[in-house]
Amino acid sequence: MISTYSNIHRGFLQACSLHGTMTVKDAAKIMVHLFGQYQPNDPIPDEQRLQELIDQINPKLSRFQQKIVLLESDPKQPNYVVFANLSDSPLDRFQTAYQAGELSFFRVVLHELATTEGHKLEQIEWLNLTAKIEEGRSLTKSRAEELLSEWVGAGYLVLDEDGIGFGPKTQVEFDRYLLNNFPDQVEQCRLCKEVLFYGIKCAKCSVSMHKTCAKKYFKKVKNCPACKKAWTVALD
């Protein structure tokens, strides 16, 4: 792998900043293209090299309170690469972009997703959430539908056959907000202690982990780190 900061790093950072959120598959395509352009004689890198590239870029971003995160998401969703701005509260940025009723609606959505088992809402429930907006503020159901599309497109939410869930952008930028405000509903990975939204759960106790953390752990240990019983849940 490249040992010094190069045009490959600069190009990948520019792509992450431009897109904000990308699937790992799309991010890997960009990485391969950059290697082909700047180091055509090197072996073609695979997706596993993404984390190494990101780890080489992030020290340059820390002084700007930014970072690139390779995020393990809902098992039914692809993994993502997220460009995160940590310089202020994400809700502060929402205040400059949305009206009071829309911001209140986003808070309601965060609350409902955080407190619902599995952190998923059926799409039909979305429109009913407008009734829970703070008193004195309002939002039409047609605007709520527009916001769903907008927030899915921006990576704050995901929409699939199971309903609406936390998007990669929310999982990265709102992790501490959600953990601090919903400590009984939002979990931490047993292994890395980072916030866990969608992971894998032991079949014999309540402990949950990121799948990537579990894969590393179970290379050396075969028992659950909590109940110590044999791990039986598939990791693939």
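From a predicted model like this one, the values you see are computed outputs, not experimental measurements. Counting restarts for each chain: residues are numbered from 1 in the order of the written sequence. Only residues with pLDDT of at least 70 get local features here, since the model is predicted, and only at 80 or more are side-chain atom pairs given and counted; chain-wide, interface and lining totals rely on the full set of residues. By convention in this description, side-chain values take in all heavy atoms of the structure and omit both hydrogens and water.

Things to note about the UniProt feature "domain: Phorbol-ester/DAG-type" (unreviewed entry) in the protein chain
Phase 1 of the analysis: Using the residue numbers shown here, the UniProt feature "domain: Phorbol-ester/DAG-type" (unreviewed entry) corresponds to residues 174-224.
Phase 2 of the analysis: In DSSP terms, a helix is any run of H or I states spanning at least four residues, a strand is any run of E spanning at least two, and both are numbered starting from the N terminus. Between the C-alpha atoms that bound residues 174-224 there is a distance of 29 Å. The span itself is 27% helix and 16% strand. UniProt positions are given in the numbering used here, feature names are shortened, and annotations may be inferred rather than shown by experiment.

Thoughts on the packing of helix α1 (residues 7-19) against helix α2 (residues 24-38)
Phase 1 of the analysis: One can describe the packing of α1 onto α2 by two numbers: an axis separation of 9 Å at closest approach and a directional angle of 150°. Considered as vectors, α1 and α2 are oriented roughly antiparallel to each other. For the pair α1 and α2, the crossing hand works out as right-handed. Across from N7, I8, G11, F12, A15 and H19 in α1, the residues of α2 making contact are A27, I30, M31, L34, F35 and Y38.
Phase 2 of the analysis: Basically, the charged four are Asp, Glu, Lys and Arg, the nonpolar ten are Ala, Val, Leu, Ile, Met, Phe, Trp, Tyr, Cys and Pro, and anything else, Gly included, counts as polar. Class assignment of the residues belonging to the contact of α1 with α2 gives a composition of 9 nonpolar, 3 polar and no charged. An axis is simply a line fitted to the C-alpha atoms; with a helix, the fit covers only the stretch in contact. Between two such axes, the angle follows the N-to-C directions and lies from 0 to 180 degrees. Should an angle fall under 35 degrees it is taken as roughly parallel, and over 145 as roughly antiparallel, whereas 65 to 115 is taken as roughly perpendicular and any remaining angle as oblique. With the far helix as reference, a near helix turned anticlockwise by less than a right angle produces a left-handed crossing, and one turned clockwise produces a right-handed crossing. Should any heavy atoms of two residues lie within 4.5 Å, those residues are considered in contact.

Digging into the nonpolar core
Phase 1 of the analysis: Residues enter a nonpolar core if they are buried and are Ala, Val, Leu, Ile, Met, Phe, Trp, Tyr or Cys, with the set joined through side-chain atoms within 4.5 Å. Residue burial is assigned from relative accessible area. The probe radius is 1.4 Å, only protein chains are included, and a residue is buried under 20% of its type maximum, exposed over 50%, and partly exposed in between. Counting 32 residues, the largest nonpolar core has F105, W126, W151 and L178 as its most contacted members.
Phase 2 of the analysis: When contributions to this core are tallied by element, the ones reaching two or more residues are α4 (90-97), α5 (100-115), α7 (141-153), β6 (163-166) and α9 (175-181).
Phase 3 of the analysis: Broken down by element, this core gets its largest block of residues, 8 residues, from α5.
Phase 4 of the analysis: Counting 19 residues, the second-largest nonpolar core is a separate cluster that includes F12, V24, L50 and V81.

Observations regarding the domain arrangement of the protein chain
A common measure of how large an interface is: the accessible area buried when the components associate.
Phase 1 of the analysis: Boundaries between domains were set according to an automatic or database domain assignment. Taken domain by domain, the protein chain holds domain 1 (7-85), domain 2 (90-182) and domain 3 (198-235).
Phase 2 of the analysis: Placing the centre of domain 1 and that of domain 2 at their C-alpha centroids yields a distance of 27 Å.
Phase 3 of the analysis: Contacts between the two partners involve 14 residues from domain 1 and, on the opposite side, 12 residues from domain 2.
Phase 4 of the analysis: Buried area: the accessible area, evaluated with a 1.4 Å probe, that two parts lose upon being put together, summed over both parts. Summing both sides of the interface, domain 1 and domain 2 together bury roughly 1000 Å²; the carbon and sulfur share of this comes to 53%.
Phase 5 of the analysis: Any Lys or Arg side-chain nitrogen located within 4 Å of an Asp or Glu carboxyl oxygen qualifies as a salt bridge. Linking domain 1 to domain 2 there are 0 salt bridges.
Phase 6 of the analysis: Between N or O atoms, a polar contact is any pair within 3.5 Å; within protein, one atom must be a potential hydrogen donor and the other a potential acceptor, and residues adjacent in sequence are included only when both atoms are from side chains. At the boundary of domain 1 with domain 2, the tally comes to 2 residue pairs in polar contact (both at pLDDT 80 or more).
Phase 7 of the analysis: Breaking the side of domain 1 that touches domain 2 down by element, the ones donating at least two residues are β2 (66-71) and β3 (80-85).
Phase 8 of the analysis: When residues in the side of domain 1 that touches domain 2 are grouped by element, the largest group, 5 residues, is from β3.
Phase 9 of the analysis: Grouping the constituent residues of the side of domain 1 that touches domain 2 by class yields 6 nonpolar, 5 polar and 3 charged.

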